Amino acid sequence: HMAPAAAMIGWLVAEWRRNKVPTTVGAATGAVAGLVAITPAAGYVTTWASVVIGFVAGLVCYLAVSLKPRLGYDDSLDVVGVHMTGGVVGALLLGLFATKSINPAGANGAFYGDVAQIWRQGIAVAVTMAYSFVVSMILLKVTDMLVGLRVSEADELTGLDLSQHAESAYTTVESGTFVPHISQPHSSPVTVSRPRPAKDPAPSQKESE
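The following refers to the structure shown. (Residues numbered from 1 in each chain as written. Predicted model: local features only at pLDDT ≥ 70, side-chain atom pairs only at ≥ 80, totals over all residues. Heavy atoms only, no water.)

Some words on the packing of helix H2 (residues 24-38) against helix H3 (residues 47-66)
Now for step 1: At their nearest, the axes of H2 and H3 sit 8 Å apart, and the two run at 125° to each other. For the element pair H2 / H3, the angle class is oblique. Between H2 and H3 lies a crossing whose hand is right-handed. Here Ala33, Ala37 and Ile38 of H2 come into contact with H3, specifically with Ser50, Ile53, Ala57 and Cys61.
Now for step 2: Partitioning the contact of H2 with H3 into residue classes produces six nonpolar, one polar and no charged. (Axes fitted to C-alpha atoms, helices over the stretch in contact; angles between N-to-C directions. Helix = DSSP H or I, 4+ residues; strand = E, 2+ residues; numbered from the N terminus. Parallel < 35°, antiparallel > 145°, perpendicular 65-115°, else oblique. Left-handed = near helix turned anticlockwise from the far one by under 90°. Contact = heavy atoms within 4.5 Å. Nonpolar A, V, L, I, M, F, W, Y, C, P; charged D, E, K, R; others polar.)

Take a look at the structure:
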């Protein structure tokens, strides 16, 4: 609980400083970054350490996501910026904050007398990233051969909800409000009629008397 809360604050601080306004999407994404970062450290660090890990993860993940337009890679769900980066942050900081006072079966980090734990965590991160890269490339190649990795440009312009799943979650009306929309086949145009004023109900028998 403490790590995602601190990460949300860290993300919003960076977002507010850069964009002059915090966002609810940023708050939610920051909380996710904190959950990711504390995952490798949960059960091995103190409460105050989890706050530090979360706050640092919120800042670093925000910076990583903000680099996406410059680097030009396709990551609509920010898996690299949040999940990979947050996991690396949490795993490396575990090398600082791990303590046997929380988990006797674990190890002490650099702050508790074992500086070498940082290097162990770094090796673990490097091996995990290398394994994930190789396996992901294999799976991508197999998927590309079987069904392809991308839809057509026309389907992208139509929208994946409509072109791939034959449904649309929301459509807009002229007033700018969102209206839930029932699934329709993608071959049919999506239309939303403007709301009409309700008719006066028919008078009851007692009222007519």
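The structure having been displayed, the exposition proceeds.
Structural notes on the packing of helix H1 (residues 2-19) against H2
Now for step 1: At a minimum axis separation of 7 Å, H1 and H2 run at an interaxial angle of 135°. Considering their axes alone, H1 and H2 lie oblique with respect to each other. As H1 packs across H2, the resulting crossing turns out to be right-handed. Contact residues: Ala3, Pro4, Ala7, Met8, Trp11, Leu12 and Glu15 in H1; Gly26, Ala27, Thr29, Gly30, Ala31, Ala33, Gly34, Leu35 and Ile38 in H2.
Now for step 2: Grouping the constituent residues of the contact of H1 with H2 by class yields 11 nonpolar, four polar and one charged.

Digging into the nonpolar core
Side chains of a nonpolar character, in soluble globular proteins, are inclined to be buried together.
Now for step 1: Judged by nonpolar contacts, the single largest core of 13 residues is most densely connected at Ile38, Ala41, Val45, Ile53, Leu93, Leu94 and Phe97.
Now for step 2: Counting residues per element, the ones that place at least two in this core are H2, H3 and helix H5 (79-97).
Now for step 3: If one sorts the elements of this core by residue count, H5 sits on top with four residues.
Now for step 4: Discounting residues that sit within four places of it in the chain, Leu93 has contacts with Ile53 and Val56. (Core = buried A, V, L, I, M, F, W, Y, C linked by side-chain atoms within 4.5 Å. Buried < 20%, exposed > 50% of the residue type's maximum accessible area, 1.4 Å probe, protein only.)

Observations concerning the side chain of Asn103
Now for step 1: If you trace the backbone, Asn103 turns up in the loop between H5 and helix H6 (116-146).
Now for step 2: A polar side-chain atom of Asn103 sits 3.3 Å from the main-chain carbonyl oxygen of Gly43.
Now for step 3: If near-sequence neighbours (up to four positions away) are discounted, Asn103 is found in contact with Gly43 and Tyr44. (Polar contact = N/O pair within 3.5 Å; in protein donor to acceptor, adjacent residues only side chain to side chain.)

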